[in-house]
Amino acid sequence: MRFEVDGRSVYAATGAVPIQRARAEELPLVLFVHGAGMDRTVWSQQTRWLAHHGARAVAVDLPGHGFSEGPALSSIAELANWIASTAEALGDPVHVVGHSMGAFIGLETAAQHTDTVASLVLMGLGAAMPVHPDLQAAADSDNPLAADLMAGWMHGPDQKFGLNPTPGMSMTGTSRAVIETSPKGVLANDLTMCANYEGAADAAASITCPTTLVLGRLDRMTPRRAAQPLVEALGHARVIELATAGHAPMMEEPNVVRATLADHLAACR
Amino acid sequence: MVEPDHHHFDTRALHAGQRPDPTTGSRAVPIHQTTSYVFDSVDHAAGLFNLEVSGHLYSRISNPTVAVLEERLASLEGGVGAVCTSSGQAALHLAVATILNTGDHVVASRNIYGGSHNLLNLTMPRFGISTTFVDPRDPNAFASAILPETRLVFAETLGNPGIEVLNIGAVAEVAHDAGLPLAVDSTFATPYLMRPIEHGADIVIHSVTKFLGGHGVAIGGVVVDGGRFDWAADGKFPTLSEPYDGYHGITFTEEFGTAALSMRARAEGLRDFGGCMSPANAFYLLQGVETLPLRMARHVENTHRVVEMLDAHEAVSWISHPSHASHPDHELASRLYPNGAGAILSFGVHGGRDAGRRFIEAVDLASHLANVGDAKTLVIHPGSTTHQQMSAEDLASAGIGEELIRLSVGLEDPEDICDDLSRALRASQKS
Ligand SMILES: Cc1ncc(COP(=O)(O)O)c(C=O)c1O
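Residues numbered from 1 in each chain as written. Chains lettered and ligands numbered in written order. Predicted model: local features only at pLDDT ≥ 70, side-chain atom pairs only at ≥ 80, totals over all residues. Heavy atoms only, no water.

Quick word on the overall build of chain B
- Scanning chain B for helices and strands turns up 17 helices and twelve strands.
- Relative to a compact globule of 431 residues, whose C-alpha radius of gyration would be 22 Å, chain B shows 22 Å and is just as compact.
- Considering only C-alpha atoms, chain B reaches an extent of 75 × 55 × 50 Å along its principal axes.
- The buried share of chain B, reckoned over its 431 residues, is 59%.
- Considering only contacts within chain B whose residues lie at least 6 apart along the sequence, 73% involve residues at least 24 apart.
- Accessible surface, chain B as shown: approximately 16,300 Å² in total, 51% of it carbon and sulfur.
- Separation of charge centres in chain B, based on 28 positive and 51 negative side chains, amounts to 5 Å. (Helix = DSSP H or I, 4+ residues; strand = E, 2+ residues; numbered from the N terminus. Rg over C-alpha atoms; globule rule 2.2 N^0.38 Å. Buried < 20%, exposed > 50% of the residue type's maximum accessible area, 1.4 Å probe, protein only. Contact = heavy atoms within 4.5 Å. Areas by Shrake-Rupley, 256 points an atom, 1.4 Å probe, with all protein chains shown as cover. Lys, Arg positive; Asp, Glu negative; His and termini not counted. Charge placed at Lys NZ, Arg CZ, Asp CG, Glu CD.)

Quick look at the structure:
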């Protein structure tokens with residue numbers, strides 16, 4: 001689907017189910033927000049399923065990512081404002097599901113735009129997201145090594161062997177291709193934003209909307225302990241810990257993430 | 001600088017796509033000899049049929065044993081995913097049928113496997129898909145042959161039978177400049193010697209029957225999806241970028257992005273054309289892939305010994321292998337193929353068609369048959385077999401002299417291979 005936000009064209013996957021449909025207002029509107037250097041397709045195991053299971057699903061490409069018009073925005077705060085504008089364009093409060101940088105964006109949006117965000121489901125995040133200097137350097141020079149490094153760190157040890165939940169697909173291969181084909185400069189910009197964002201714990205402390213955290217115990221990009229300050233600041237959040245997941249539970253444990261989304265939305269009703 | 005945290009190639013040849021079976025502890029890949037898979041619930045079944053959730057539902061579309069081979073080959077090639085097929089021919093057909101529609105056009109190398117040439121030259125035109133064949137050594141020839149309705153550029157990484165070495169990067173650039181994907185058949189090279197996606201190819205096709213399987217026991221093919229091509233850029237590829245009624249209006253690029261091609265090839269191509277690989281064949285082929293690095297290194301080593309021997313033999317009029325200084329692609333091959341340009345070569349025997357026949361009749365260790373890429377050394381004389389009905393002139397224009405012998409060098413002791421060939425060469429000269 002294509003629509004406009006702040007005068008620019010935005011692309012999103014809706015699971016091939018139009019969000020304008022009969023009795024749409026009865027269905028929660030769920031906005032999926034991807035992480036650094038990625039796009040809407042990281043949610044392909046959830047978008048289409050949710051669209052057929054009682055929700056309107058919108059997995060956006062952030063500005064300058066995937067098929068959305070650029071330029072990419074340059075701070076988490078700007079992206080939070082953009083999410084608020086996007087929710088307004090879609091016409092409803094939104095449940096934000098965010099991964100990694102998208103989780104930061106979710107936190108900041110919920111803190112700054114309390115009426116816009118109905119609830120949060122966040123995964124692959126820590127209170128801070130420092131970036132390995134070699135990764136930042138490779139991204140800064142648009143070296144495809146950056147995609148390779150991220151794909152290697154992103155997934156749990158099982159995915160190094162494979163056995164992808166989607167028959168015939170390589171998870172590390174797919175993650176690498178998504179990052180490698182992101183427009184020039186976008187990954188470097190995203191990583192810098194993540195490293196520079198210091199508002200996560202404060203945002204978390206102010207958030208009152210229903211929140212679920214999905215945390216992989218084998219996450220090497222944002223280790224489980226890095227999320228602990230957020231777990232404490234949020235207080236009320238439901239925490240789902242996955243023993244064998246890495247940084248990308250929506251790909252690594254798609255069944256659990258789908259079930260978690262269903263439970264979360266049911267509890268929000 | 002830190003290194004990417006992936007297992008190395010030889011490790012992935014053994015492990016990619018598999019963990020020991022969680023219920024039985026089976027270390028080898030189990031043969032899941034089943035047609036179908038029990039659903040958890042009606043909702044789960046509906047979700048699988050509608051591509052809302054992934055998993056196995058029927059072995060025409062996917063099977064756990066075949067999936068291990070697919071993921072392993074995707075990993076070795078550096079692609080996003082792979083779809084295995086009943087044969088190498090089925091793989092080429094699947095790629096073409098997934099991407100092209102009636103009225104579309106292919107630009108292909110003219111030096112490709114005869115079966116692939118037949119498919120593109122004679123069979124696909126019946127379905128409204130035409131092909132222009134060009135010299136694979138000339139990237140400009142590909143560019144000149146591109147028409148407004150062209151949708152695919154196709155070549156072999158190592159050609160047939162002259163082992164023409166494709167300049168993958170240059171031809172990929174030609175294709176990409178025209179907004180087209182480059183598909184390569186890399187059967188002769190295998191990912192051990194060449195990973196075309198790293199050089200800009202978008203799709204890699206193999207006859208897994210050959211060196212990947214490596215033992216001449218099972219027929220199979222694969223389409224590996226590189227995942228880097230933008231199918232949605234200009235509306236040229238509606239099967240991937242437009243809604244498809246086959247799954248309630250799904251648009252593969254919207255939903256799956258980099259994986260659009262492999263998802264459509266499976267969801268439509270295997271579902272409707274049905275050219276799937278059997279789990280037993282996947283198991284046999286996996287046994288081969290496990291030792292691919294060891295075998296290919298030895299295939300290449302033996303090939304170099306054979307080339308040396310042929311070079312010194314007075315019954316041999318010429319040798320065509322990229323490792324030989326006389327080969328037109330010798331330079332390019334030493335750059336693109338540091339580990340060797342494969343184990344298939346051809347050579348000429350003095351004395352034409354009759355001498356060729358006498359050579360074939362005199363070999364003892366080498367097997368006379370129509371295949372390549374077995375662990376055993378194979379020979380064929382196209383002039384008296386596959387191409388016997390052609391005149392000397394027609395053979396020449398196909399690049400196949402009457403005196404041409406094609407050799408697929410095996411893993412026997414190189415002394416024994418050389419002894420056998422040189423004895424047969426002597427016999428070929430006695431009329
Ligand atoms: C280069 C090449 N491609 C494709 C094929 C076809 O493969 P299959 O026999 O597995 O259908 C062959 C078979 O000889 C081949 O040599």
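Here the narrative resumes, following the displayed structure.
Observations concerning the site of the ligand
Residues and elements named next belong to chain B.
- The environment of the ligand is formed by 13 residues, the closest being G88, D185, S207, T209 and K210.
- A distance of 2.6 Å separates a nitrogen atom of the ligand from a polar atom in the side chain of D185.
- Within the side chain of K210, one N or O atom sits 2.5 Å away from an oxygen atom of the ligand.
- In isolation the ligand has 390 Å² of accessible area, and contact with the protein removes 89% of it.
- The class makeup of the residues in the shell around the ligand is three nonpolar, seven polar and three charged. (Near = heavy atom within 4 Å. Polar contact = N/O pair within 3.5 Å; in protein donor to acceptor, adjacent residues only side chain to side chain. Nonpolar A, V, L, I, M, F, W, Y, C, P; charged D, E, K, R; others polar.)

Here we look at the environment of G128 of chain B
Residue and element names in this part refer to chain B.
- As for its placement among the helices and strands, G128 is situated in the loop between α5 (114–123) and β3 (130–134).
- Spatially, the C-alpha atoms of G128 and T102 are 4.4 Å apart, while their sequence positions differ by 26 residues.
- Setting aside anything within four residues of it in sequence, one finds G128 in contact with N101, T102, G103 and D104.

What about the environment of L332 of chain B?
Residue and element names in this part refer to chain B.
- Relative to the helices and strands, L332 resides in helix α14 (residues 330–336).
- Taking relative accessible area as the criterion, L332 reaches 15% and is therefore assigned buried.
- Each C-alpha atom of the pair L332 and L166 lies 8.7 Å from the other, and the pair is 166 residues apart in sequence.
- Not counting residues up to four positions away in its chain, the partners in contact with L332 are V165, L166 and N167.

Digging into the sheet that holds strand β5 (residues 182–185) of chain B
Residue and element names in this part refer to chain B.
- Strands sit in the order β1-β7-β6-β5-β4-β2-β3 across an open sheet of seven strands; the sheet is mixed. Looking at strand neighbours, the two that pair on one side only are β1 (81–85) and β3, the edges of this open sheet. Between one strand axis and the next, the sheet turns through 20 degrees on average, direction left out of account.
- The pairing of strand β2 (residues 105–109) with β3 spans five bridges and is parallel. Considered in β3, the bridge of S109 is made with V134.
- In this fold helix α4 (residues 88–99) packs onto β1, β4 (150–156), β6 (203–207) and β7 (221–225), with an angle of close to 155 degrees to the strand it touches most, β6.
- Seen against the sheet, helix α11 (residues 260–273) touches β1, β6 and β7 and runs at an angle of roughly 25 degrees to β1. (Pairing = 2+ DSSP bridges. Axes fitted to C-alpha atoms, helices over the stretch in contact; angles between N-to-C directions.)

Overview of the sheet that holds strand β7 (residues 211–216) of chain A
Residue and element names in this part refer to chain A.
- Strands sit in the order β1-β2-β4-β3-β5-β6-β7-β8 across an open sheet of eight strands; the sheet is mixed. Both outer strands of the open sheet, β1 (2–5) and β8 (238–242), are each paired with one neighbouring strand and no more. Taking each pair of neighbouring strands and ignoring which way they run, the sheet shows an average axis angle of 25 degrees.
- In the sheet, β7 pairs with β8 via five bridges, with the strands oriented parallel. Bridged to L213 within β8 is V239.
- This element, helix α2 (residues 76–90), spans β1, β2 (8–13), β3 (29–33), β4 (56–60) and β5 (94–99) of the sheet and lies at about 125 degrees to β1.
- Contacting β3, β5 and β6 (117–123), helix α3 (residues 101–112) crosses the sheet at an angle of about 155 degrees to β6.

Comments concerning the packing of helix α3 (residues 64–77) of chain B against helix α12 (residues 279–290) of chain B
Residues and elements named next belong to chain B.
- Two elements in contact, α3 and α12, have axes whose closest approach is 8 Å; the angle formed by their N-to-C orientations is 35 degrees. Handedness of the crossing formed by α3 with α12: left-handed. Side by side, α3 and α12 meet where T65, V66, V68, L69, R72, L73 and L76 of the first sit next to P279, A282, F283, L285, L286, V289 and E290 of the second.
- The residue makeup of the contact of α3 with α12, split by class, is eleven nonpolar, one polar and two charged. (Left-handed = near helix turned anticlockwise from the far one by under 90°.)

Description of the interface of chain A and chain B
- Counting from both sides, the interface comprises 48 residues of chain A and, opposite them, 49 residues of chain B.
- Across the interface of chain A and chain B, roughly 4,000 Å² is buried in total on both sides, 55% from carbon and sulfur atoms.
- Ranking the residues of chain A by area buried against chain B places R48, F161 and P167 of chain A at the top, with a combined share of 19%.
- One can count four salt bridges joining chain A with chain B.
- Measuring nitrogen to oxygen at the nearest pair gives 3.0 Å for the salt bridge that ties D5 of chain B to K160 of chain A.
- Linking chain A with chain B are 26 residue pairs in polar contact (both at pLDDT 80 or more), by the criterion used here. (Buried area = accessible area lost by both parts, 1.4 Å probe. Salt bridge = Lys/Arg side-chain N within 4 Å of Asp/Glu carboxyl O.)

Observations concerning the state of the cysteines
- Evaluated as defined, the whole model comprises zero disulfides over all chains.
- C276 of chain B supplies the cysteine sulfur nearest to C84 of chain B, a cysteine that is in no disulfide, at a spacing of 11 Å. (Disulfide = S-S within 2.5 Å.)

What about the nonpolar core?
- Counting residues in hydrophobic clusters, the biggest one holds 126 residues, and the most contacted among them are F252, F347 and F359 of chain B.
- Each of domain 1 (9–288) and domain 2 (292–428) of chain B gives at least three residues to this core.
- Setting aside residues no more than four positions away along its own chain, F347 of chain B makes contact with L310, V316, W318, I319, F359, E403, L404, I405, L407 and L425 of chain B.
- By size, the runner-up hydrophobic cluster in this structure holds 94 residues, among which are L31, M38, V97 and M193 of chain A. (Core = buried A, V, L, I, M, F, W, Y, C linked by side-chain atoms within 4.5 Å. Domains from an automatic or database assignment.)

Remarks on the packing of helix α4 (residues 133–140) of chain A against helix α5 (residues 145–154) of chain A
Residue and element names in this part refer to chain A.
- Interhelical geometry of α4 versus α5 gives an angle of 145 degrees and a closest axis separation of 8 Å. Contacts between α4 and α5 involve D134, L135, A138 and A139 from the former and L145, A146, L149, M150 and W153 from the latter.
- Residue classes in the contact of α4 with α5 are distributed as eight nonpolar, no polar and one charged.

A few points about the environment of F237 of chain B
Residues and elements named next belong to chain B.
- Within the secondary structure, F237 is located in the loop between β7 and α9 (238–241).
- Along the primary structure F237 and H44 are separated by 193 residues, whereas in three dimensions their C-alpha atoms are 31 Å apart.
- Beyond its immediate sequence surroundings of up to four residues, F237 is in contact with I99, R151, G179, L180, P181, F229 and W231.

Some words on the pattern of salt bridges
All names here are of chain A.
- Going through the model one piece at a time under the given rule, you end up with 23 salt bridges over all chains.
- Note that E241 and R224 form a salt bridge whose closest N and O atoms lie 3.1 Å from each other. On the criterion of sequence distance, the pair formed by E241 in strand β8 and R224 in the loop between β7 and α10 (228–234) is long-range, its members being 17 residues apart.
- D263 is the salt-bridge partner of R238, the closest N and O atoms lying 3.6 Å from each other. Linking R238 in strand β8 with D263 in helix α12 (residues 254–268), this pair joins segments that are 25 residues apart in sequence.

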